[in-house]
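Descriptive structure summary
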Amino acid sequence: MTAVLEVRGLSAGYDGVAVVRGVDLAVEAGGIATIVGANGAGKTTIMRALSGVLRPVEGAILFEGEPIEALPPHEIVARGLVMVPEGRRLFPSLSVLENLELGAYQPHCRGRRRENMQRMFELFPRLAERRGQRAGTLSGGEQQMVAIARALMSMPKVLMLDEPSLGLAPVIVATLFEIVKGINAAGTTVVLVEQNVKHALAISAQAWVLENGSIVLGGSGPALLTDDKTRRAYLGM
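To keep things clear, this report deals only with the structure shown in the data block. None of the values given here were measured: they were computed from a predicted structure.

1. Digging into helix α5 (residues 113-123)
Listed as buried for α5 are Asn116, Met117, Met120 and Phe121. All buried residues of α5 lie within an arc of 140° about the axis, which places them on one face of the element. If you follow the buried residues of α5, they end up packed against α3 (96-102), α6 (125-129) and α7 (140-152).

Now the structure itself:
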C-alpha cells in the first residue's frame, strides 16, 4: 500500500519543551489509522503538527510525497489534509448551515458546495432537521456531527479526528464510529486520535501506541486490541 501521510523523526512541543520525540509513522491511503495512548502522551501535539497549527522542532511531514511541515494550516487544508480539532471549535452563534458553508471556503470546493451540502445531510440526517438551528444550542453529539461535516465540506483526502468521542454518551459514541467507518468506505483516509481504545482499534487497519511522547508499539488495530501484553501494559484494559 502507498503511504499518503508520512512522519519522519518528528519532535514537537511547547515553549522549548519537547512533548513528542522521534516519532515515525506512515499512514496508508484508503484505510483508518489510529494513535492511542494515555492523557498527556502527546497525541494532540502530533495532530497539531500535522495540521500546521504547531511547527515541528525537528523532523519531516510528507503528504502525498511532498513536505508540508513548513506550510501554514490553510495551505495544508487546500492540499487535502483536514483536521477536526478536539472540542469541535464551531461558531456557536451561527446556524448549522452556516457552519457547514464555512467548510467550503477553499476555491476547489466552492463549485460543489450545494452537492456536498446535500451529501452531508444524507450522511447526517439529524443536521438536515436542524440546519437553521444555532450550533451552540445542539447536543454534544450533534455538534460533533457538525464539526465532522464541516471538515468534509472541504473535500479532504485525509480526515484527521482529534478525540471525536470525548464527552459523548456511549450510544452516541457507537453511532459516531459507524459514521467514521462510512466516511472511510466512501473513499476518505481517516486518522484518529482517540481515548476510546476498544472502538478505535477495532476499526483500524493501522494503529500505534504512544507513550511519553514516543511510539512504543505498532500494528493492526485488532491485533493490538487482542494482545494481552498490549492490553495490560499500554492500554489499561
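2. Remarks on the sheet that holds strand β6 (residues 81-84)
What the six strands build is an open sheet, ordered β6-β7-β8-β3-β9-β10; its pairing is mixed. Strand pairing shows two members of the sheet lacking a second neighbour, β6 and β10 (214-219), which therefore form its edges. Here the average twist between neighbouring strands, direction ignored, is 20°. Pairing analysis gives five bridges linking strand β9 (residues 206-211) to β10, with the strands arranged antiparallel. Each bridged residue has a counterpart across the sheet, and for glutamate 211 the counterpart in β10 is serine 214. Along the sheet, α7 contacts β6 and β7 (158-162); its crossing angle with β6, the most-contacted strand, is approximately 170°.

3. Quick look at the sheet that holds strand β1 (residues 3-14)
Spatial ordering of the open sheet is given by β2-β1-β4-β5, a layout of four strands whose pairing is antiparallel. At either end of the open sheet lies a strand with only one pairing partner, and these are β2 (17-28) and β5 (66-67). As paired elements, β1 and strand β4 (residues 58-63) share five bridges and run antiparallel to each other. The partner of arginine 8 across the bridge, within β4, is alanine 60.

4. Re unusual backbone geometry
Backbone geometry places glutamate 64, a non-glycine residue, at a positive phi of 50°. Relative to the assigned elements, glutamate 64 resides in the loop between β4 and β5. Taking the relative accessible area as the measure of exposure, glutamate 64 reaches 44% and is therefore partly exposed. For methionine 155, which is not a glycine, the phi torsion comes out positive at approximately 55°. The topology assignment puts methionine 155 in the loop between α7 and β7.

5. Focus: the environment of glycine 40
With respect to the helices, strands and loops of the structure, glycine 40 is situated in the loop between β3 (32-36) and α1 (43-51). Glycine 40 sits in the exposed class, given a relative accessible area of 72%. Residues glycine 40 and glycine 213 lie 173 residues apart in sequence; the distance between their C-alpha atoms is 8.3 Å.

6. Observations regarding α7
In a regular helix each residue adds 1.5 Å, so 13 residues correspond to 18 Å; α7 covers 19 Å between its end C-alpha atoms and thus fits that length. The buried fraction of α7 is high, at 12 of 13 residues. Those residues of α7 not exposed but buried are Gly141, Glu142, Gln143, Gln144, Met145, Val146, Ala147, Ile148, Ala149, Arg150, Ala151 and Leu152. Where α7 is buried, its residues contact β6, α3, α5, α6, β7 and α8 (170-185).

7. Brief notes about the environment of isoleucine 46
Relative to the helices and strands, isoleucine 46 is located in helix α1. Exposure remark for isoleucine 46: the relative accessible area of 0% places this residue in the buried category. Sequence-wise, isoleucine 46 and glycine 213 are 167 residues apart; in three dimensions their C-alpha atoms are separated by 9.2 Å. If we skip the residues at most four places from it in the chain, isoleucine 46 touches Leu10, Val20, Val23, Ile35 and Leu210.

8. A few points about the pattern of salt bridges
The final tally for this structure, using the stated rule, is eight salt bridges. Between glutamate 163 and lysine 43 there is a salt bridge whose closest N-O contact spans 3.9 Å. Highlighted residues: glutamate 163 in the loop between β7 and α8 and lysine 43 in helix α1, separated in sequence by 120 residues. Lysine 43 shares its class with glutamate 163; the two are buried. Linking arginine 112 and glutamate 115 is a salt bridge whose minimum nitrogen-to-oxygen distance equals 3.0 Å. Looking at arginine 112, the relative accessible area reads 37%, which means it is partly exposed.

Definitions and limits used
- Residue numbering note: each chain is counted from 1, following its sequence as written.
- Per-residue local features of the predicted model are confined to residues with pLDDT of at least 70, and side-chain atom pairs are confined, for both listing and counting, to 80 or more; whole-chain, interface and lining totals are unaffected and use all residues.
- Derived side-chain values reflect all non-hydrogen atoms in the structure, with water molecules and hydrogen atoms excluded from consideration.
- Each residue is placed in one exposure class: buried if its accessible area under a 1.4 Å probe, protein chains only, is under 20% of its type's maximum, exposed if it is over 50%, and partly exposed if it falls in between.
- A helix here means a DSSP run of H or I that spans at least four residues, while a strand means a run of E at least two residues long, and both kinds are numbered starting from the N terminus.
- The directions considered for the arc run from the helix axis to the C-beta atoms.
- By the convention used here, residues are in contact when the closest approach between their heavy atoms is within 4.5 Å.
- Strand pairing is assigned whenever DSSP detects at least two bridges linking the two strands.
- Between the N-to-C directions of two axes lies an angle of 0 to 180 degrees, each axis being a line fitted to C-alpha atoms and, for a helix, fitted only over the stretch in contact.
- To estimate how far a helix should reach, multiply one less than its number of residues by 1.5 Å.
- One side-chain nitrogen of Lys or Arg within 4 Å of one carboxyl oxygen of Asp or Glu is enough to make a salt bridge.

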